[in-house]
Structures are given as C-alpha cells and as structure tokens.
Amino acid sequence: MAVRRLALACPVEMTEMTVRTRFAPSPTGYLHIGGVRTALFCWLFARKHGGQFVLRIDDTDQQRNVDEALRPILDGLRWLGIDWDEGPDVDGPHAPYFQSQRGERYAAAAESLLASGHAYRDYATTEEIQAEREAAQNAKQQFRYSRRWMANSPEDDERFRAEGREAVVRLKMPTDGKLVIDDLVRGRVEFDWSSEQDHVIQRADGSPLYHLASVVDDHDMGITHVVRAEEHLSNTPRQVFIAEALGFPRPQYAHLPYVAEPGSKNKLSKRKLDKYLKNADFAKLMAHGEAIARRLGRAIEADTFNPVIVDFYRDVGYLPEAIVNYLLLLGWSLDDKTEFFDRAAMVENFSLARVNKAPASFDPQKLVAFQQHYMHQLAAESITPLVEPYAAEAGMTAAPPNADEQKKLARIVTAAGDRITVAGDVLDYGYFFTADDALEYDEKAFEKRLRKPDDAADLLRGFADELAAAPSFDAASLDALLHAYVERRGINIGQIIHALRVATTGQAVGFGMFDTLAILGRESTRARIERALSLI
RNA sequence: GGCCCCGUCGUCUAGUCUGGCUUAGGACACUGGCCUUUCACGCCUGUAACACGGGUUCAAAUCCCGUCGGGGUCACCA
C-alpha cells in the first residue's frame with residue numbers, strides 16, 4: 001500500500017520504488033521466439049533494478065488443458081534461465097497468478113466502473129453492432145457505437161431484459177481530448193480519445209475480457225513497468241482509461257518492437273513456416289534440426305518442430321546462453337562493439353533506453369554464429385555430457401552410455417572439436433558405434449574414392465598390412481606410419497587418405513583421419529578395410 | 001481506409017537527443033586469398049548503407065517541412 005501511494009505521489013522514474021515487471025502469456029502450448037524476447041527484456045529490466053519479475057497466465061478465454069498448454073512455456077523460460085519471482089509453481093503474495101481464478105476481482109472492478117459511470121450496460125446484440133459498423137463503413141465514416149442500447153437507468157435494464165436481451169459491459173470512453181503517454185522506448189505518443197471505441201470489458205455471462213483483467217491484475221500485482229510488444233501500443237489508451245477510472249496509478253509503459261520475419265518487416269509468426277522455408281538461411285536452420293530429429297527417430301510434428309518456437313533449439317541441442325545472447329541483441333545494443341554478454345553483464349548493462357524502435361528481423365545465420373561461439377568456448381569435458389543423451393536416444397550407445405561408450409564419446413568430441421555446433425551434431429559420428437560388417441557407405445563417395453581410382457584397392461591393401469604390424473595405434477604413430485608408407489610408395493597422400501576414410505567411416509568427410517583410426521582401433525580399422533576391399 | 005509506430009550495408013546495429021571528431025564504425029553473411037588429407041576452424045583481404053526531395057547552417061545521417069516506403073492495430077481474442 002505504501003508503495004502505491006508513493007507511486008501516486010511522484011513519477012516512477014524519480015522514485016526508489018521496487019521495479020516490478022510481468023510477462024503474461026496465454027497458454028498456447030508453445031513459447032514463441034518473439035514472446036521469449038519480450039520476457040527476457042522484462043526479466044532483465046527487473047533484475048537490473050533489483051526488482052521482481054512476475055509470471056502471470058492470461059487464460060481468460062478458459063481453454064481446456066491449461067496445464068498441458070502451459071508446460072512448454074514454463075519449461076522454455078526455465079531452460080533459458082528466465083526465472084520468475086512470483087507465478088505458477090512458485091506462487092507469491094498476489095496469488096493466484098491465473099486469470100481464470102481471479103474472476104471476482106474483475107467482476108468487482110466492472111461493478112465499480114459501472115457505479116462510477118465509466119462503463120455502462122449495453123444490450124445491443126452482436127448483429128446490431130455489426131450493422132452499425134457496416135453502415136459506418138459504407139458511409140466511409142469512422143465507426144463509433146451509437147450507444148443505442150445503453151442502459152441509462154434501472155428502467156432501461158428492465159425494458160431491455162423484457163425484450164429478451166442480455167447485457168455486456170462497455171467502457172464509456174471519452175469523446176474528446178488527447179491521451180499522452182511517455183513510453184520508455186518510443187518516447188511521447190499521443191492518441192485522440194475520439195478515435196477510441198467503447199470496448200466491451202465483460203461478457204453477458206459475467207466473464208471478463210482481456211483489457212479489464214490485465215489492468216486489474218497489473219495493479220493488484222503491483223506492476224510498475226508494463227514492458228510488452230508493440231502490438232499492444234494501440235491498446236494502451238483503453239487500458240489507461242480503465243486504470244484511471246479505477247483510481248489506479250498509471251504504470252510506466254515500454255513498447256518493444258516485435259521480432260520480424262527473416263528478410264522482412266512482417267511480424268514473425270509460427271503459422272507461416274512454409275513461407276519462411278523459402279528463405280535459404282531459415283531452410284538451412286530447419287534442415288539441420290530436422291536431420292537431427294530424424295536420426296533420433298523423433299516424429300517431426302509440423303506444429304511444434306519449428307525454429308519460431310523455442311523448443312526447437314532445446315530439442316536439437318543448442319545452448320541456452322547462445323539463444324539468450326542472440327535475442328538480447330535483437331533490438332538492443334550496448335555500444336558499437338560489445339556482442340557477447342554473460343548473464344551478469346546483461347543484467348548490469350541492460351536499459352530500456354537503448355532498445356531500438358524499429359522491428360528487427362530474425363536472422364538464422366547470426367543465431368547460428370552465436371551458437372558456434374558459445375559451443376567453441378566450451379572444453380570437450382563440458383560438451384561430452386551434453387552430447388551423451390543424443391547418442392543414447394539415437395541408439396548409438398546404451399541409454400545411458402556405459403563407461404566405454406562414454407570414453408569413446410569423449411574422444412570423438414575432442415577430435416571433432418568445433419565441428420560439433422549443436423549437441424545433436426554428435427550423431428554425425430554414428431559410424432564409430434556401428435558394427436564393422438554393418439557400416440553403410442556413402443555410395444557416391446565409395447564410387448569416387450574406392451572404385452574409380454585403379455590404385456585405391458592396392459594402396460589400401462598395402463596399408464592394411466602396415467596397420468596389422470604397427471607397434472602402436474595412437475594418432476601420432478598412425479600419422480608417421482602413413483607418411484612413411486606414402487613416401488615409400490612414391491604417392492601423394494591424397495591418393496590414399498580419401499579411400500581410407502571412405503573405407504573406414506563410409507563417409508566422404510569427417511575429422512582428422514588419424515584420430516578417426518585411433519578411436520576406431522586396430523581391429524575395427526582392419527575389418528572395415530577388408531570389407532570395403534571386398535565390396536569394390 | 002482511420003489511428004499509431006518505424007525507415008543507416010543483404011541482416012543485427014553504432015552514430016541522431018547534445019550538427020563538425022565519419023574517407024559513416026562493428027558484427028553476421030558473402031568475394032578473393034592463406035592454411036590443409038576431406039569437412040570445419042583459424043588468419044588476411046574485399047564488396048556493401050544514411051529511403052527521396054526541399055529547407056536551416058560555414059557545416060546535416062544528425063535540426064525543420066514535405067513525399068515515398070514498410071509495419072502494427074482497428075473483436076463479446078489475448
């Protein structure tokens with residue numbers, strides 16, 4: 001209460017009051033990349049100012065499986081390290097944090113708005129409103145409800161009810177003057193009250209609509225800064241009207257630009273996947289993820305497996321810090337050179353004043369670049385545990401990998417180095433785990449490197465004998481062994497190494513040849529060469 | 001269409017408030033080159049932008065006006 005009075009007394013930016021922000025998703029079943037960017041900025045702003053970040057669930061249009069539809073959102077936020085001080089699972093002093101459970105508050109607020117004359121009961125049917133709207137449109141005039149079925153007295157209520165009508169509650173919006181808001185991102189923004197509508201805030205059955213619920217909750221939960229996406233900018237007048245009519249202090253607003261499609265300024269949407277796939281970079285990002293999902297044997301559900309959704313990145317093994325860092329720079333920058341921020345640096349440096357006003361396009365390439373950067377920062381010991389679940393799920397190893405498999409994975413990760421960009425990339429090295437007689441060959445590579453050159457078989461056979469007699473089988477020794485062999489035969493190393501790679505891995509590409517052979521071991525290497533030879 | 005917002009390299013951006021320090025800087029991507037057994041990494045290098053038009057000023061990406069372009073939003077959705 002003291003906090004609220006303080007807020008009334010002086011503008012927020014002047015006070016030392018605790019900053020409280022909120023992210024208020026509706027349970028849609030997925031966490032949108034643009035939505036999470038908004039959540040991140042809200043979180044950052046609260047953390048920066050030592051305040052609280054509240055998670056509230058806007059489920060006023062009560063969907064059936066709220067729990068199920070909410071889980072991906074909560075999991076996604078947690079995965080990215082965006083924790084909430086109050087909200088689902090943690091609760092808090094302003095519980096409940098689900099709008100579906102706060103009905104009485106909204107009903108009371110509607111009642112109070114009615115009593116103070118800031119709202120009225122309206123008995124118009126949807127059709128009647130629609131007819132007015134169309135009439136205005138045909139006359140090329142701006143639509144404004146005539147208030148024809150507004151109840152001015154108990155007698156009106158009775159009369160309309162006698163006609164079998166039901167009442168919604170509408171805002172009685174001002175008809176002249178201006179509303180000025182000082183947006184923390186966009187600066188001063190003005191609206192004419194005359195272009196606002198008498199919005200419905202409560203349905204005939206008494207259920208609340210979004211704007212009422214949102215304003216009431218923001219107040220009840222002590223939200224000081226409403227940080228949200230730009231699409232809400234034009235909703236602000238009606239919300240300010242509600243807040244002020246209810247005697248609430250006006251929160252500070254900050255409208256963030258939305259995240260745009262790759263290569264365009266349209267708002268990024270989960271539903272336009274087909275369109276985005278026409279963008280080469282986006283398609284590549286998707287294809288990479290799909291290849292991993294396929295190897296894992298997962299069903300690729302068009303509805304959820306989508307780079308617009310945060311789950312996509314977690315599923316294929318991206319690093320949350322890479323995603324967060326990328327998102328941070330989508331619409332915000334510190335200066336002209338700093339690009340990498342750890343959590344502490346983000347919190348330390350974040351400010352709404354440096355948020356850009358123009359929408360920023362989602363750039364798959366840049367996202368991948370951040371992922372590579374953070375992955376390369378990690379030592380092999382840190383990457384191996386990340387990679388194990390993928391190897392296990394794909395059936396490369398037991399689940400979980402046994403001690404030998406773990407060791408082998410560690411060696412693979414070390415040898416692969418920066419070739420492993422996301423954890424799921426470990427599946428590129430499945431050939432280390434397949435039985436020697438079940439190795440599959442890339443047909444093209446087999447043709448090019450083994451069948452076509454007439455000396456390939458002979459060279460391989462000769463080297464296989466060397467391998468059999470090799471005193472040790474570590475990468476350095478193998479390196480020396482092959483170079484000596486090459487010199488003795490008077491050939492270029494390229495003449496045998498490609499054939500060797502295809503014969504032992506089935507692939508045209510891979511990491512260092514000698515690391516590959518060393519990890520494979522003497523028995524497998526020889527068995528694979530023999531088998532390849534027999535297939536030529 | 002009304003209202004509102006936005007407009008610097010292909011993309012993310014610095015610079016705009018407080019005009020000169022800017023031959024407009026950085027990053028990603030892309031060119032070419034080096035390295036090299038493939039792939040990848042790394043290193044070097046190059047291309048590339050102030051939407052347009054008028055003002056104001058000794059001086060404008062920066063201030064003013066206009067134009068054009070893009071987007072958001074106009075629900076008994078959130």
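Higher on the page you've got the structure.
This text gives an overview of the structure that appears in the document. Nothing here was measured: the structure is a model prediction, and the numbers come from that model.

Cut-offs and rules
Sequence positions are assigned chain by chain, starting from 1 and proceeding in written order. For this description, chains carry letters from A and ligands carry numbers from 1, given in the order in which they are written. Two thresholds apply to this predicted model, a pLDDT of at least 70 for residue-level local features and 80 or more for giving and counting side-chain atom pairs, whereas whole-chain, interface and lining totals are computed over all residues. Only hydrogens and water are set aside; all other atoms, that is, all heavy atoms of the structure, feed into the side-chain values. For helices the rule is a DSSP run of H or I covering at least 4 residues; for strands it is a run of E covering at least 2, with both sets numbered from the N terminus onward. Radius of gyration: over C-alpha atoms. The globule rule applied is 2.2 Å multiplied by the number of residues raised to the 0.38 power. Working rule for contacts: check all heavy atoms of both residues, and any pair within 4.5 Å makes them a contact. Here the Shrake-Rupley method, with its probe set to 1.4 Å, supplies the accessible areas, and only the displayed protein chains count as covering residues. His is not counted here, nor are the chain ends, while Lys and Arg score as positive and Asp and Glu score as negative. By convention, the charge on Lys lies at NZ, on Arg at CZ, on Asp at CG and on Glu at CD. Paired strands, as defined in this entry, are two strands with at least two bridges between them according to DSSP. Only heavy atoms are used to decide nearness, and a residue is near a molecule or strand if one of them lies within 4 Å of it. Pairing of N or O atoms within 3.5 Å defines a polar contact, subject to two protein rules: one partner must be a possible hydrogen donor and the other a possible acceptor, and residues neighboring in sequence count only if both atoms are side-chain atoms. Relative accessibility thresholds used throughout: buried, under 20% of the residue-type maximum; exposed, over 50%; partly exposed, between the two (1.4 Å probe, protein chains only). Among the buried residues, those of types Ala, Val, Leu, Ile, Met, Phe, Trp, Tyr and Cys that are joined through side-chain atoms within 4.5 Å form a nonpolar core.

Quick word on the overall build of chain A
Summing up its helical and strand segments, chain A has 22 helices and 11 strands in all. A globule of 536 residues ought to have a C-alpha radius of gyration of about 24 Å, yet chain A, at 32 Å, is considerably larger. In terms of its C-alpha atoms, chain A occupies a principal-axis envelope of roughly 105 × 50 × 40 Å. Pairs at least 24 apart in sequence give 72% of the contacts found in chain A among residues at least 6 apart. Surface accessibility of chain A: about 24900 Å² in total, with carbon and sulfur atoms responsible for 49%. With 65 positive and 80 negative side-chain charges, chain A shows a separation of 3 Å between the mean positions of the two kinds.

Quick look at the pairing of strand 6 (residues 187-192)
Sheet topology note: the strand 5 (residues 178-183)/strand 6 ladder contains 6 bridges and is antiparallel. Bridged to Leu 179 within strand 6 is Phe 191. The antiparallel hairpin formed by strand 5 and strand 6 contains 3 residues in its connecting segment.

Description of the protein's contact with RNA strand B
In the vicinity of RNA strand B lie 59 residues, with Arg 186, Leu 209, Tyr 258, Arg 419 and Gly 510 positioned nearest. Atoms of RNA strand B within 4 Å of the protein belong to the sugar or the phosphate in 76% of instances, the rest to bases. Separating a phosphate oxygen of RNA strand B from a side-chain N or O atom of Thr 60 is a distance of 2.8 Å. Here a base nitrogen of RNA strand B and a backbone polar atom of Ala 124 are 3.3 Å apart. Where the surface near RNA strand B is concerned, the elements lending two or more residues are helix 5 (126-138), strand 6, helix 7 (210-220), strand 11 (360-361), helix 14 (364-377), helix 20 (494-505) and helix 21 (513-520).

Considering the environment of Asp 315
In this fold, Asp 315 is placed in helix 11 (residues 310-316). Taking the relative accessible area as the measure of exposure, Asp 315 reaches 26% and is therefore partly exposed. For the pair Asp 315 and Ala 423, spaced 108 residues apart in the sequence, the C-alpha separation amounts to 9.4 Å. Ignoring anything within four residues of it in the chain, the contact list for Asp 315 reads Arg 298 and Tyr 390.

A short note on the pairing of strand 4 (residues 168-171)
Here strand 4 shows no split at all, with Val 168 and Arg 170 on one side and Val 169 and Leu 171 on the other all buried. Relative to strand 7 (residues 200-202), strand 4 is paired through 2 bridges, and the arrangement is antiparallel. Within strand 7, the position partnered with Arg 170 by the bridge is Val 200.

Topic: the nonpolar core
Counting 123 residues, the largest nonpolar core has Leu 77, Tyr 313, Leu 328, Phe 350, Phe 362 and Phe 432 as its most contacted members. In this view, Tyr 313 contacts Ile 33, Trp 79, Leu 285, Pro 307, Tyr 318, Ile 323, Phe 362 and Leu 367; residues no more than four positions away in its chain are not counted.

Quick look at unusual backbone geometry
Residue Pro 96 is reached from Ala 95 by a cis peptide bond, and omega for that bond is 0°. Looking at the secondary structure, you find Pro 96 in the loop between helix 3 (66-79) and helix 4 (103-115). In this chain, Ala 399 is followed by Pro 400 through a cis amide linkage whose omega measures -5°. Structurally, the position occupied by Pro 400 is in the loop between helix 15 (380-393) and helix 16 (403-416). Non-glycine residue Asp 89 carries a positive phi angle of around 75°.

Interpretation note: all reported values are geometric properties and have no functional meaning in isolation.
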